Amino acid sequence: MVVQAQFRVLYGDTDAMGQAYYGNYLKWFEVGRAEWFRSFGTSYRELEGKGVYLPVVEAHCSYHRPAFYDDVLTIATSFRYAGPARLQFDYELSRNGDSLASGYTVHACVNSERKVLRPPEHLRAILDSSIS
């Protein structure tokens, strides 16, 4: 299941030419991921409250076209398993249907002591429902 969210490029997200700074694209991927979880009725805060953490262990972004100050962007986010305790979120960032960037982040599923674990049942139910 693909979840879409929209946001506007802020002035502080740009350089002197009004073009979005490349590092912000990973921040925008996080916007997409947070909205993906919200669309399934949960949030990072709730996951962490249950002792589950999802640190990023890998990130990739391919830049196709620049974003500019005041653009309204759409981030489309989807999920797939990358291993027994690894979760991958894929992203497509666009403006008016034109692809600006695409990429992914891979997350380890860990407990509060940073011990790797398979996603617990409450998280696995969300993840599985998104790919069925």
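As the structure is a computational prediction, the values presented were derived from the model and not from experiment. Sequence order as written defines residue numbering, which begins from 1 separately in each chain. Local features in a predicted model are, by the rule used here, given only for residues with pLDDT of at least 70; side-chain atom pairs are given and counted only at 80 or more, and totals for whole chains, interfaces and linings are based on all residues. The side-chain quantities take in all heavy atoms of the structure and omit both hydrogens and water.

Undergrad: Would you take a moment to explain helix H1 (residues 24–39) for this structure?
TA: Every α-helical turn comprises 3.6 residues, leaving residues that sit three or four positions apart pointing alike. Counting from the N terminus, the helices are the DSSP runs of H or I reaching at least four residues and the strands are the DSSP runs of E reaching at least two. The length a helix should cover is 1.5 Å for every residue beyond the first. Along its 16 residues, H1 runs 23 Å from first to last C-alpha, staying within 8% of the 22 Å computed at 1.5 Å per residue. Remark: exposure states derive from per-residue accessible area (1.4 Å probe, protein chains only) relative to the maximum for the residue type, with buried under 20%, exposed over 50%, and partly exposed in between. Looking only at H1, the buried set comprises Asn24, Tyr25, Trp28, Phe29, Gly32, Arg33, Ala34, Trp36 and Phe37. After H1 finishes, the residue glycine 41 shows a positive phi value of roughly 85°.

Undergrad: Mind showing me how you'd approach the nonpolar core here?
TA: As a rule of thumb, soluble globular proteins bury nonpolar side chains together. Note on terminology: a nonpolar core comprises buried Ala, Val, Leu, Ile, Met, Phe, Trp, Tyr and Cys residues joined through side-chain atoms within 4.5 Å. In this structure, Trp28, Leu54 and Leu123 are the most contacted members of the largest nonpolar core, which totals 29 residues. Tallying contributions element by element places H1 first for this core, with 5 residues. Two residues qualify as a contact provided that any one of their heavy atoms is within 4.5 Å of a heavy atom in the partner residue. Excluding residues that lie within four positions of it along the chain, leucine 123 makes contacts with Phe37, Leu47, Val52, Leu54, Leu87 and Cys109.

Undergrad: Just checking my understanding: could you explain the pairing of strand S5 (residues 98–108) for this structure?
TA: It is a general feature of regular strands that their side chains alternate between the two faces of the sheet. With 8 of its 11 residues buried, S5 lies for the most part within the structure. The pairing criterion is simple: DSSP has to find at least two bridges between the two strands. One ladder, built from 7 bridges, connects strand S2 (residues 56–63) with S5; its direction is antiparallel. If you follow cysteine 61 over to S5, its bridge partner there is glycine 103. For strand S4 (residues 86–95) and S5, the ladder comprises 10 bridges, and the chain directions are antiparallel. In the sheet register, tyrosine 91 faces S5, and the bridge partner there is glycine 103. Here S4 hands over to S5 after 2 residues, with asparagine 96 in that stretch at a positive phi of 50°.

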